[in-house]
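# Reading the structure
In case you want the letters, here they are:
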Amino acid sequence: MSKKHRAPSTTPHQEHVTPGLVSVALLTGAVRHIGAVLIGLAVTWWQHD
């Protein structure tokens, strides 16, 4: 009975929340990285000219 009570209370909730948090974290990191690269290129091009 303790196994049956334990599994539904923790597992589905955790599995449901985690992918969303992971995708948000990855998206945020990707946007920051792309932004940093674009700013670096813009500064380099501006100084070169």
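Keep in mind the model is a prediction, meaning the values are calculated, not measured.

Attention shifts here to the overall build of the protein. In terms of regular secondary structure, the protein is built from one helix and zero strands. Counting every position in the protein, which comprises 49 residues, the buried fraction comes to 0%. With the model as given, the accessible surface of the protein reaches about 4900 Å², and the carbon-plus-sulfur share is 70%.

This part covers a nonpolar patch on the surface. A surface patch of nonpolar side chains, about 380 Å² in accessible area, is lined by I34, V37, L38 and L41. Residue I34 is classed as partly exposed on the basis of its relative accessible area, which comes to 49%.

Rules and cut-offs
Note on numbering: residues in each chain are counted from 1, in written sequence order. Note on the predicted model: pLDDT of at least 70 is required for a residue's local features to be given, and 80 or more for side-chain atom pairs to be given and counted; whole-chain, interface and lining totals, by contrast, use all residues. As a rule here, side-chain values come from all non-hydrogen atoms in the structure, and water together with hydrogens is ignored. Here a strand is any run of E in DSSP of at least two residues, a helix any run of H or I of at least four, and the numbering for each starts at the N terminus. Throughout, exposure labels follow a simple rule: accessible area from a 1.4 Å probe, protein chains only, divided by the maximum for the residue type, with under 20% read as buried, over 50% as exposed, and the rest as partly exposed. For every accessible area listed, the method is Shrake-Rupley and the probe measures 1.4 Å; residues are considered covered only by the protein chains on display. For patch detection, residues must exceed 30% relative accessible area and be free of salt bridges, and they are connected within 9 Å for like charges or within 5 Å for nonpolar side chains (Val, Leu, Ile, Met, Phe, Trp, Tyr). Should a side-chain nitrogen of Lys or Arg be within 4 Å of a carboxyl oxygen of Asp or Glu, the pair is scored as a salt bridge.

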